[in-house]
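Inside the fold
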Amino acid sequence: SSSAQVLWLTVLCFFLFAQAISHAATFCVSTAADLQSALTTAASNGEDDIIQIEQGTYLGGFTYRSREAFSVTIEGGYDPSCGARVVNPANTVLDGMSLVTTLAFDLLSDPFDILIDNLTLQNGSGSSNLCAGNATSAGGGLFICEANTTTLSNNIISSNTADGGGGVFIAKAATVILDNNIITDNVALWSSGGGVSITRTDTVTLTNNTISRNTGGGITVNATTLLLTNNIISNNSADSGGGINAGTSQTLTLTNNTITENTAISNGGGISFGLREDSDSATIYNNLVWANSAPVGADLYIDNDANSNFIPSPMNLFNNDFDQSTGGIFITLPFPIDPSNLDLIDPLFVDELNGDYHLQAGSQVINMGDNTAPALPALDKDGNPRIMNGVVDLGAFEFQGQQPDRKSVV
């Protein structure tokens, strides 16, 4: 009868729905052995997995090897039995003891999503990880190859070493998102992304991160689309592109970053990038690019003709503060610098020596940005309103106090 058919379809739909929502496993781990066991189980259980880590320090290298296309979430900060959670990455530490990669996702043939949240990854040493069948000693703190979407949020990644990607190495991903991480004091022995190395990736977004004191460069990225917003990139060093080495991304957008005191042996102390195709473009708004050093292009090294056909790729360079001298900026096919850009104006950081890049009252970079900048965030790096007194400031932090009359500023 029709009523029996309806009942049968209802039961079938409920069964299928129950199956769909049941395909997720949650682990609560409190020892290093438990953590590796959870990773091993998650790699072959045919489910999406959530691994919750209790607060503490976990010694060793931890590896997930799988051919499954199921997502993995790793979260630190949990109380005993994982009943509650404190979001502070310093309370959950994975320590590679300077022997192995601290956390590796290896031998992945099917794309899947990875989320890593609220962990400290420290003292890792790049091991022989596999990426697309090739062995590579990359990713001292974190190694990920062939994921779909990789998200790193609220982590501390420090004091790791590898040939490339001393802190973080990510390759062959569709999307990479780094948000509110602290990535410091890592080393890439081959000067390829001391802090972060991301390669062969479609879309990379970095927001609200602090990337500092890394040797081998702060960030090395080769991606189709690269977007950086509200980041502090400071005191990194490399052969080329001390703060940011963006390779030859097709679309590059930098908005409201503070890029300061980075150094390069050859070119691009602050930023180095190339635009290979005539249709590739770079859009750079509201950034503080200050006190970087290199023999060529101390603040900015721009190759807007990487294919050498004498046709410049489109550049949008507005409302930034950088050294506009021949030593401060290098452009392969020069173009006039828009007058909205400031030339070597001291931002008046609160405490530059100790890494406090907030702006003092009286800074001439306050209210000097462009409110129509692409990807302009609603909030600054501190989570405060991005636009105060009507006009956005330059750099990662919006001045929250009362700005004195410009005429009184010497």
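Residues numbered from 1 in each chain as written. Predicted model: local features only at pLDDT ≥ 70, side-chain atom pairs only at ≥ 80, totals over all residues. Heavy atoms only, no water.

**Observations concerning the overall build of the protein**
Summing up its helical and strand segments, the protein has 2 helices and 40 strands in all. Taking 22 Å as the expected radius of gyration for a compact globule of 410 residues, we find that the protein reaches 23 Å, a close match to that expectation. Seen along its three principal axes, the alpha-carbon backbone of the protein occupies a region of about 80 × 55 × 45 Å. Residues classed as buried in the protein amount to 52% of the 410 residues present. The long-range fraction of contacts in the protein, counting pairs at least 24 apart against all pairs at least 6 apart in sequence, stands at 69%. Summed over its atoms, the accessible surface of the protein is roughly 16,200 Å², and 56% of this surface lies on carbon and sulfur atoms. (Helix = DSSP H or I, 4+ residues; strand = E, 2+ residues; numbered from the N terminus. Rg over C-alpha atoms; globule rule 2.2 N^0.38 Å. Buried < 20%, exposed > 50% of the residue type's maximum accessible area, 1.4 Å probe, protein only. Contact = heavy atoms within 4.5 Å. Areas by Shrake-Rupley, 256 points an atom, 1.4 Å probe, with all protein chains shown as cover.)

**Focus on the layout of surface pockets**
In this structure, the largest pocket encloses a volume near 210 Å³. Taken together, 17 residues make up the lining of the largest pocket; nearest its centre are Ser-212, Arg-213, Ser-234, Gly-355 and Tyr-357. Ranked by residue count, the leading element in the lining of the largest pocket is strand β38 (residues 356-359), at 3 residues. Looking at the lining of the largest pocket, its residues break down into 5 nonpolar, 8 polar and 4 charged. (1 Å grid on protein atoms, 1.4 Å probe; cavity = no way out; pocket = protein on both sides within 12 Å on 5 of 7 lines; lining within 4 Å. Points joined across faces, edges and corners; volume = space filled by probe spheres on them. Nonpolar A, V, L, I, M, F, W, Y, C, P; charged D, E, K, R; others polar.)

**Quick word on the pattern of salt bridges**
Where side chains of opposite charge bring their charged atoms close, a pairing between them can arise. The tally for this structure, following the rule as stated, stands at 4 salt bridges. Measuring nitrogen to oxygen at the nearest pair gives 3.9 Å for the salt bridge that ties Glu-146 to Lys-172. With Glu-146 in the loop between β12 (142-145) and β13 (149-153) and Lys-172 in the loop between β16 (168-171) and β17 (175-179), this residue pair connects regions lying 26 residues apart in the sequence. (Salt bridge = Lys/Arg side-chain N within 4 Å of Asp/Glu carboxyl O.)

**Observations regarding the side chain of Glu-398**
By secondary structure assignment, the location of Glu-398 is in the segment after β40 (391-392). The exposure class of Glu-398 is buried, given its relative accessible area of 3%. Within the local environment of Glu-398, its side chain forms a polar contact with the backbone nitrogen of Met-388, the two atoms lying 3.3 Å apart. Apart from residues lying up to four places away in sequence, Glu-398 is in contact with Asp-380, Pro-385, Arg-386, Ile-387, Met-388, Val-391, Val-392 and Asp-393. (Polar contact = N/O pair within 3.5 Å; in protein donor to acceptor, adjacent residues only side chain to side chain.)

**Comments concerning the side chain of Thr-260**
Following the sequence through the fold, Thr-260 ends up in strand β27 (residues 258-260). With a relative accessible area of 0%, Thr-260 lands in the buried category.

**Looking at the packing of aromatic side chains**
Evaluated as defined, the whole model comprises 6 aromatic pairs. Here Phe-349 and Tyr-357 contribute two aromatic rings whose centre-to-centre distance is 5.0 Å and whose plane-to-plane angle is 80°, an arrangement assigned as edge-to-face. The exposure class assigned to Tyr-357 is buried, which follows from its relative accessible area of 3%. Three or more aromatic residues joined by ring pairs form one cluster here, namely Tyr-64, Phe-105 and Phe-112. (Phe/Tyr/Trp six-rings, centres within 6.5 Å; stacked < 30°, edge-to-face > 60°.)

**Some thoughts on the state of the cysteines**
Overall, the coordinates contain 1 disulfide when judged by the stated rule. The disulfide that involves Cys-28 links it to Cys-82, with 2.0 Å between the sulfurs. Linking Cys-28 and Cys-82, the disulfide has an S-S dihedral of approximately 85° and is accordingly described as right-handed. Here Cys-82 lies in the loop between β5 (72-78) and β6 (92-95) and Cys-28 lies in strand β1 (residues 24-29), a separation of 54 residues in the sequence. The class of Cys-28 is partly exposed, set by a relative accessible area of 37%. (Disulfide = S-S within 2.5 Å.)

**So, the nonpolar core**
The biggest cluster of nonpolar side chains holds 63 residues, and the ones touching the most others in it are Phe-105 and Phe-273. Looking at this core, the element that brings in the most residues is strand β22 (residues 219-229), giving 5 residues. With residues near it in sequence (within four places) discarded, Phe-273 still touches Ala-246, Gly-247, Leu-252, Ala-282, Ile-284, Tyr-301, Ile-302, Asp-303 and Met-315. Core analysis: the second largest hydrophobic core is formed by 13 residues, Trp-290, Leu-359, Leu-394 and Phe-397 among them. (Core = buried A, V, L, I, M, F, W, Y, C linked by side-chain atoms within 4.5 Å.)

The values reported here are purely geometric and, on their own, carry no functional implication.
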